[in-house]
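# Examination of the molecular architecture
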Amino acid sequence: MLATLALPAAGTPPHAPRKARVRSADELRRALREARDRPLALDASGLDCVLRADDERHLLEVQAGMTWAALAACFGNAGDRLTAWAASSGMPATVGQAVSADAAAPDGAPLSACVESVALATVDGELRRVDRDTPARLFQLVVGGQGVFGLIYSVTLRMDALLRAAERALPAVELNLPGPELGNGIVCEVQALLPPEEVEGFLAQVRNLAAERRIALRRVAVRQLRAGAESALGWAKRDWASVSLCLRTRATLGASVHAAEVRRLVHAAAIARGGSFPVSAARDVSRAQLDACYPELPAFLAEKRRYDPAERLQNSWYRCVTALLRHQGCES
């Protein structure tokens, strides 16, 4: 499901958003135009079709709500590696979500390398095609832009590049760790980006943190990521080792607050070792941590406000980072 909240201009009294499910470009454009007058929560899970195949140029255009599992099924045996990648921990389920996050492709490089163009529904309810040439800057803002410059209607993929990336895929190394049962405790998922040579020391630090905080470290997955940033908020400024952690806390009244604190401590440990985190994890970090890893964020948000002065198009990530930059907490 793709859910993005479109809000009316600042100063309009708040209302509970009306929910709208869209299944076509026209419905998406109409919904955005309606959102000029009242808040609207969009469900784009119905945008799940293949639109166009260009076999000569190895291009495939799919609607943004298509899942990677469904896309992989279109390729038979050739899609098996894509299926395994789509099932990996933390991978966004749909094509549009993955492009908005500029998730890692199967070979660990940014997915943007496999994207030819994006059809974007703008805040004014218009549909425009965005690629590296027309206009290049908007492509950089949309790919990896967390969905705040418009709603992705469709993505044209370079299927030859994506299938080659799948052939070069290196599976994550995963460890499931035994430990005491904690009942219905809160599961805390954290992803950190580390220089490869720092992974061992980082994991030792995480184990000590888990022991001190009396939380259970249940799973560790380590995956190689490659540099190649095209996004304005690109995470791939260098080669990384992605370390995904699954921790479980006890079910107490303060468990959610405890889990949030643990996430910040994990990110602090990674940053101290020259590491970073995906910008999508902004709700889990402090202002200082955000400044340290994404100093380009204020300029990104300034471009967002020039593009959408009334800030009509918002989502929870946008509200969170703007609150952090004002030294406030994040909304849920």
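Here the structure is a predicted model, which means the values were calculated and not measured.

Our focus in this paragraph is the overall build of the protein chain. On a plain count of helices and strands, the protein chain comes out with eleven helices and 13 strands. Taking all 332 residues of the protein chain together, 50% fall into the buried category. By sequence separation, contacts in the protein chain at least 24 residues apart represent 70% of the contacts at least 6 residues apart. Here the protein chain has roughly 15,300 Å² of accessible surface; of this, 51% comes from carbon and sulfur atoms.

Among the nonpolar cores identified, the biggest contains 59 residues, and W68, V99, L111, L157, L297, F300 and W317 are the most heavily contacted of them. Sequence-distant contacts of W317, defined by excluding residues within four places in its chain, comprise Q146, V148, L233, V279, S280, A282, L297 and F300. By size, the runner-up hydrophobic cluster in this structure holds 22 residues, among which are C188, A192, V206 and A259.

In this structure the tally under the stated criterion is five aromatic pairs. Measuring from ring centre to ring centre gives 5.5 Å for F149 and Y307, while their planes differ by 45°; the resulting arrangement is tilted. In this pair, F149 sits in the loop between α5 (136-142) and β8 (151-158) while Y307 sits in helix α10 (residues 297-307), placing the two residues 158 residues apart along the sequence. For F149, a relative accessible area of 2% translates into the label buried. Taken together, the ring pairs in this structure connect F149, F300, Y307 and W317 into an aromatic cluster. Directly above the aromatic system of W240 lies the positively charged group of R238, at a separation of 5.2 Å from the ring centroid.

The next thing to look at is the pattern of salt bridges. A complete count under the given rule lists 20 salt bridges for this structure. Between R21 and D43 there is a salt bridge whose closest N-O contact spans 3.7 Å. Within this pair, whereas R21 is found in strand β2 (residues 18-21), its partner D43 is found in strand β3 (residues 40-43), the two being separated by 22 residues in sequence. Residue R21 is classed as partly exposed on the basis of its relative accessible area, which comes to 41%. A salt bridge links R287 to D291; the shortest N-O distance between them is 3.0 Å. You can see R287 and its partner D291 sitting in helix α9 (residues 287-293), four residues apart, about one turn around the helix. Within the structure, one salt-bridge network assembled from shared partners comprises D54, R57, E116 and R158.

Running from N to C, helix α7 (residues 199-213) and helix α8 (residues 255-272) point in directions that differ by 155°, and their axes come no closer than 10 Å. Taken together, the axes of α7 and α8 are roughly antiparallel relative to one another. The two elements α7 and α8 cross, and the hand of that crossing is right-handed. Here F202, Q205, L209 and R213 of α7 come into contact with α8, specifically with H258, E261, V262, L265, V266, A269 and A270. Class assignment of the residues belonging to the contact of α7 with α8 gives a composition of seven nonpolar, two polar and two charged.

Here the protein chain shows a mean pLDDT of 86. Residues at 70 or above account for 90%. When mean pLDDT is compared element by element in the protein chain, strand β5 (residues 59-63) scores highest at 97, while strand β1 (residues 3-6) scores lowest at 43. Taken as a whole, residues 1-13 scores under 50 in pLDDT and shows 52 contacts with residues more than four places along the chain or in a different chain.

Moving on, we get to the sheet that holds strand β4 (residues 50-54). Either a parallel or an antiparallel arrangement is found when strands of a sheet pair, and the pairing is made through backbone hydrogen bonds. Within the open sheet, the five strands sit side by side as β4-β5-β8-β6-β7. Their pairing is antiparallel. Looking at strand neighbours, the two that pair on one side only are β4 and β7 (127-131), the edges of this open sheet. Each adjacent strand pair in this sheet contributes to an overall mean axis angle of 15°, direction not counted. Inspection of the sheet shows β5 paired to β8 by five bridges, in the antiparallel sense.

Let us look at the pairing of β7. Note: strand β6 (residues 115-121) against β7, five bridges, orientation antiparallel. When the sheet's bridge partners are listed, A119 is paired in β7 with R129.

A word on α7. Here α7 is 15 residues long and its end C-alpha atoms lie 21 Å apart, about the 21 Å a rise of 1.5 Å per residue gives. When we look at burial in α7, the residues that qualify are V199, F202, L203, V206, L209 and A210. Viewed end-on, α7 has its buried residues packed into an arc of 115°, placing them on one side of the element. When the buried face of α7 is taken as reference, the exposed residues oriented beyond 90 degrees from it are E200, A211 and E212. Elements that come into contact with the buried residues of α7 comprise β10 (187-194), β11 (216-225), β12 (240-248) and α8. Looking one or two places after α7, you find R214, whose phi comes out positive at around 55°.

Structurally, the position occupied by R263 is in helix α8. Among residues more than four places away in sequence, those in contact with R263 are V187, C188, E189, V190 and D284.

Conventions and cut-offs
- Residues numbered from 1 in each chain as written.
- Predicted model: local features only at pLDDT ≥ 70, side-chain atom pairs only at ≥ 80, totals over all residues.
- Heavy atoms only, no water.
- Helix = DSSP H or I, 4+ residues; strand = E, 2+ residues; numbered from the N terminus.
- Buried < 20%, exposed > 50% of the residue type's maximum accessible area, 1.4 Å probe, protein only.
- Contact = heavy atoms within 4.5 Å.
- Areas by Shrake-Rupley, 256 points an atom, 1.4 Å probe, with all protein chains shown as cover.
- Core = buried A, V, L, I, M, F, W, Y, C linked by side-chain atoms within 4.5 Å.
- Phe/Tyr/Trp six-rings, centres within 6.5 Å; stacked < 30°, edge-to-face > 60°.
- Lys NZ or Arg CZ within 6 Å of the ring centre and 35° of its normal.
- Salt bridge = Lys/Arg side-chain N within 4 Å of Asp/Glu carboxyl O.
- Axes fitted to C-alpha atoms, helices over the stretch in contact; angles between N-to-C directions.
- Parallel < 35°, antiparallel > 145°, perpendicular 65-115°, else oblique.
- Left-handed = near helix turned anticlockwise from the far one by under 90°.
- Nonpolar A, V, L, I, M, F, W, Y, C, P; charged D, E, K, R; others polar.
- pLDDT = per-residue confidence, 0-100.
- Pairing = 2+ DSSP bridges.
- Expected span 1.5 Å × (residues − 1).
- Arc of directions from axis to C-beta.

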